[in-house]
Amino acid sequence: MTQDAMIDEWYPVGLVSRLDGNGRKTALMGEPIEVASDTDGSARVTSKGRVLPVRVRYGHVWASLGQPQKELFAIPEADQPGRRFVDVGVVRVRCSPLRAVENFLDIAHFPFVHTDILGSEPHTEVQNYKVEIREDADEVWATQVKFYQPQAARSASGGITTEYMYRVPAPTCSVLYKTCPPRPGEWDVITLFVQPLAEDLCDVWPWMALFDDESSMTDLIHFQQTIFLQDRSILENQIPRLLPLDPGMEIPTRADLTSVAYRRWLKRRGYTYGAQLVAQ
Amino acid sequence: MTGQKQDQLHERMTIRGAVDSASFVPWIRRHAAKLGLRQEIRHAGPGRIELDVAGPVELIDMLEMGCSLGPIDVWVETITRTPAAGGTGG
Amino acid sequence: MLSDPTGSWTPVVLSADLPPGTVVPARTPAGPIALWRSASGRPSASADRCPHRGMRLSHGFVRGETLSCIYHGWSYGQAGNCLRIPAHPGLAPPETIRVATHPVEEVGGVLWVGVGEPATQPPQLAGLVPLRSLQARAGVAAIEAAAGAKADADGLLETTQGSQKIHLLLACQERDETLIHVLLEGEGSVAERVAASRAVEALRRKAEALEMERDAP
């Protein structure tokens, strides 16, 4: 699959906190790249000697193989005082970067994959929720998503009905806003920044902006890593490895509404790197 | 559980968009059959496909979810559903 | 593997290695399968792909007489029909939502999966007692060469290691990968069973070495 329209997007390529002079070799959509800190400490990303456009935001270094037409998407909460900003690190997953995002958008798996943390039987029913593609921002949004969670966050004590909002601001990135146990009026922000290494291989960089003054940084990171390692065992055992845009071999249900909207959004914009076009 | 009579809905589903590819109607029929839904294509032309469908609401929702994507050479702009009078016949 | 024009039987696992309430992956000429045994002990084989969103069913869990997908909990009966969709509990799934299944025969402690319409039943292997299974990165030919014997139509090969007669039931997984089930001519003492197991591991090493030579440029 050609890199097509997805080439002119920003992608996470590493942690700002891990930048160093001698550089780290990695890849972006099948091209070798190197991520290093410049003499003046700023980030520098090159591919076969070519200097790529670069941004530093949300604790990560972002780069593009093409010419991004707009700035990196905004997350206002990233500048809100009182939040803990958590670099979770990276999880390598043998699946399409688009599959990683689709899994992040799904709640029906919580009772089975994240048992006794993000969900538990018999609380498996998925209530109807709202999904829209916000044309002005060109983003997919799912709102009014509700689900009972035994341990919604490190900061939660006891089961609560959590409210979620999902946002897809870029083809391989998603931002999740969820009820914040210590501060009912606020949203905790959990993001999934996915670096497409190849069509069937990606590095997942979760990042969080939370209200939680009790938990240690280690506990916050462990909580999220546990969840993503549970997801990895799913993502690496799904057929096909690429994300089907034609659900002819699947049975999407109403609970899969966000996944369907995400696939429609990818299809409409020609974001097909990591996608399967014909169902088999 | 399976014996219990589900509340059978009868609906007219109207699919609009770039839908006149030869592969879409057979795709819809296959997907409806996989869901055990009785369906009847009432109209299939450039820009619009109309079908009557009967079954439990969750299954009709599943048909809508699938059809909103369909094969790669189709683009569905909107799907509207209205209660249809009587049965789909047969 | 026992095959005739209309179908074939593949020995996929020893009965003892599939206790009640468990599911394991297996491979057949028709592709990967999820092999499971219900709580009451009945074995079933289904395609290793959930019809919902393609998760491998061999990663699922068995509860009572059903197999459930680990991703969203969709549950299937032994005939492959979907019985439950947890996200939509009010729906009784229609018969048409199902996963493909294969016939399973359990004979003499060996579980065979049928592909296509096999004309005959799997062999009884009368008098043989299953010991263990192991995978070899070697084709059937290399194993035959290492054992100094030929496998018969059922895929059964007899070899003697030291004073022991050991029977190997071979199932071809890939061109250069074979599943080997080891059977002895009776219970045998612990020492005899350990010796037989070690002998077959030595034979595997020999076969894998032969396979490497065959592939070497």
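Parameters and conventions
- Every residue gets a number counted from 1 within its own chain, in the order that chain's sequence is written.
- Chain labels run from A onward and ligand labels from 1 onward, assigned in the order the entries are written.
- Two thresholds apply to this predicted model, a pLDDT of at least 70 for residue-level local features and 80 or more for giving and counting side-chain atom pairs, whereas whole-chain, interface and lining totals are computed over all residues.
- To get the side-chain values, all heavy atoms of the structure are used, and hydrogens and water are removed first.
- By definition, any uninterrupted DSSP run of H or I lasting at least four residues is a helix, any uninterrupted run of E lasting at least two residues is a strand, and each is numbered from the N terminus.
- Side-chain rings of Phe, Tyr and Trp (the six-membered ring for Trp) are treated as a pair once their centres are within 6.5 Å; stacked means planes under 30 degrees apart, edge-to-face means over 60, and tilted covers the remaining angles.
- Working rule: Lys NZ or Arg CZ, within 6 Å of ring centre, within 35 degrees of ring normal, means a charge sits over the ring.
- Segmentation of the chain into domains, including their bounds, is taken from an automatic or database domain assignment.
- Contact between two residues is taken to exist if any of their heavy atoms lie within 4.5 Å; hydrogens are not considered.
- Accessible area, probed at 1.4 Å, shrinks when two parts are joined; the buried area is that loss added up over both.
- The definition of a polar contact used here is a pair of N or O atoms within 3.5 Å, where within protein one atom must be able to donate a hydrogen and the other to accept one, and adjacent residues in sequence count solely through side-chain atom pairs.
- Two strands make a pair as long as DSSP finds a minimum of two bridges between them.
- Note on exposure labels: buried denotes an accessible area under 20% of the residue type's maximum, exposed denotes more than 50%, and partly exposed covers the range between, all computed with a 1.4 Å probe on protein chains only.
- The term salt bridge refers to a pairing of a side-chain nitrogen on Lys or Arg with a carboxyl oxygen on Asp or Glu at a separation within 4 Å.
- In this classification, Asp, Glu, Lys and Arg are treated as charged, Ala, Val, Leu, Ile, Met, Phe, Trp, Tyr, Cys and Pro as nonpolar, and every other residue, Gly included, as polar.
- Of the grid points, spaced at 1 Å and generated over the protein atoms alone, those admitting a 1.4 Å probe that cannot get out make up cavities, while open sets with protein on both sides within 12 Å along at least five of seven lines make up pockets; any residue with an atom within 4 Å of a point is treated as lining.
- Grid points are joined across faces, edges and corners, and a volume is the space filled by probe spheres set on the points.

**So, unusual backbone geometry**
Residue and element names in this part refer to chain A.
Line of reasoning, step 1. Pro 122 follows Glu 121 through a cis peptide bond whose omega is 5°.
Line of reasoning, step 2. The topology assignment puts Pro 122 in the loop between helix H2 (110-113) and strand E10 (130-134).
Line of reasoning, step 3. In this chain, Ile 239 is followed by Pro 240 through a cis amide linkage whose omega measures -10°.
Line of reasoning, step 4. With respect to the helices and strands, the residue Pro 240 is situated in the loop between helix H3 (217-235) and strand E16 (243-244).
Line of reasoning, step 5. You will see that Tyr 58, though not glycine, has its phi angle at about 55°, which is positive.
Line of reasoning, step 6. One can find Tyr 58 in the loop between strand E6 (54-57) and strand E7 (60-63).

**With respect to the packing of aromatic side chains**
All names here are of chain A.
Line of reasoning, step 1. One pass over the full model with this rule turns up 18 aromatic pairs over all chains.
Line of reasoning, step 2. Ring centres 6.3 Å apart and planes at 20° place the aromatic pair Phe 193 and Trp 207 in the stacked group. Here Trp 207 lies in strand E15 (residues 201-210) and Phe 193 lies in strand E14 (residues 187-198), a separation of 14 residues in the sequence.
Line of reasoning, step 3. In textbook terms, an aromatic cluster arises when at least three aromatic residues are bridged by ring pairs, as seen for Tyr 58, Trp 62, Phe 73, Phe 85, Phe 193 and Trp 207.
Line of reasoning, step 4. Positioned over the ring face of Trp 141 is Arg 134, at 4.0 Å from the centre of the ring.

**Focus on the domain arrangement of chain A**
All names here are of chain A.
Line of reasoning, step 1. Domain annotation of chain A identifies domain 1 (3-63) and domain 2 (82-276).
Line of reasoning, step 2. One C-alpha centre belongs to domain 1, the other to domain 2, and the line joining them spans 24 Å.
Line of reasoning, step 3. The interface is formed by 21 residues belonging to domain 1 together with 21 residues belonging to domain 2.
Line of reasoning, step 4. When domain 1 packs against domain 2, close to 1,700 Å² is buried across both sides, 67% of that on carbon and sulfur atoms.
Line of reasoning, step 5. On the domain 1 side of the contact with domain 2, Met 6, Pro 12 and His 60 bury the most area, a combined 29% of that side's loss.
Line of reasoning, step 6. Counting across the interface, domain 1 meets domain 2 through six residue pairs in polar contact (both at pLDDT 80 or more).
Line of reasoning, step 7. Listed by contribution, the elements that provide at least two residues to the side of domain 1 that touches domain 2 are strand E1 (11-15), strand E2 (24-28) and E7.

**Let's talk about the sheet that holds strand E5 (residues 43-47) of chain C**
All names here are of chain C.
Line of reasoning, step 1. Strand order in the open sheet formed by four strands is E3-E4-E5-E10, with antiparallel pairing between adjacent strands. The open sheet has two edge strands, strand E3 (22-28) and strand E10 (101-102), and neither has a second partner.
Line of reasoning, step 2. Alignment of E3 against strand E4 (residues 31-37), held across seven bridges, turns out to be antiparallel. Its bridge partner lying in E4, Arg 27 is registered against Pro 32.

**Thoughts on the environment of Ala202(C)**
Line of reasoning, step 1. Looking at the element boundaries, Ala202(C) is found in helix H2 (residues 190-215).
Line of reasoning, step 2. The partly exposed category is assigned to Ala202(C), whose relative accessible area is 36%.

**Points about the interface of chain B and chain A**
Line of reasoning, step 1. In this complex, chain B contributes 19 residues to the contact, which on the side of chain A involves 17 residues.
Line of reasoning, step 2. In total, about 1,700 Å² of surface goes out of reach between chain B and chain A, with carbon and sulfur atoms giving 64% of it.
Line of reasoning, step 3. On the chain B side of the contact with chain A, Met65(B), Leu69(B) and Trp75(B) bury the most area, a combined 42% of that side's loss.
Line of reasoning, step 4. Note that Arg254(A) is salt-bridged to Glu64(B), the shortest N-O span being 3.5 Å.
Line of reasoning, step 5. One can count 10 residue pairs in polar contact (both at pLDDT 80 or more) joining chain B with chain A.
Line of reasoning, step 6. Those elements that provide at least two residues to the side of chain B that touches chain A are helix H1 (24-34), helix H2 (57-67) and strand E4 (75-83) of chain B.
Line of reasoning, step 7. In terms of residue count, the dominant contributor to the side of chain B that touches chain A is H2(B) (five residues).
Line of reasoning, step 8. A per-class count over the side of chain B that touches chain A returns 10 nonpolar, four polar and five charged.

**Thoughts on the environment of His43(B)**
Residues and elements named next belong to chain B.
Line of reasoning, step 1. Within the secondary structure layout, His 43 lies in strand E2 (residues 38-45).
Line of reasoning, step 2. Judged by its relative accessible area of 30%, His 43 falls in the partly exposed class.
Line of reasoning, step 3. Considering only alpha carbons, one finds His 43 and Ile 28, 15 residues apart in sequence, at a separation of 13 Å.
Line of reasoning, step 4. Ignoring anything within four residues of it in the chain, the contact list for His 43 reads Arg 48, Ile 49 and Glu 50.

**Examining empty space enclosed by the protein**
Residue and element names in this part refer to chain A.
Line of reasoning, step 1. Scanning all chains against the criterion turns up six cavities of 30 Å³ or more.
Line of reasoning, step 2. If you add up the space inside the largest cavity, you get close to 160 Å³.
Line of reasoning, step 3. Elements with a minimum of two residues in the lining of the largest cavity: helix H1 (97-104), strand E12 (160-170), strand E13 (173-179) and H3.
Line of reasoning, step 4. The greatest single-element share of the lining of the largest cavity, amounting to five residues, is contributed by H3.
Line of reasoning, step 5. In terms of residue class, the lining of the largest cavity is made up of 11 nonpolar, four polar and three charged.
Line of reasoning, step 6. Along the walls of the second largest cavity sit 14 residues, with Ala 153, Arg 154, Asp 188, Leu 210 and Phe 223 positioned nearest its centre.

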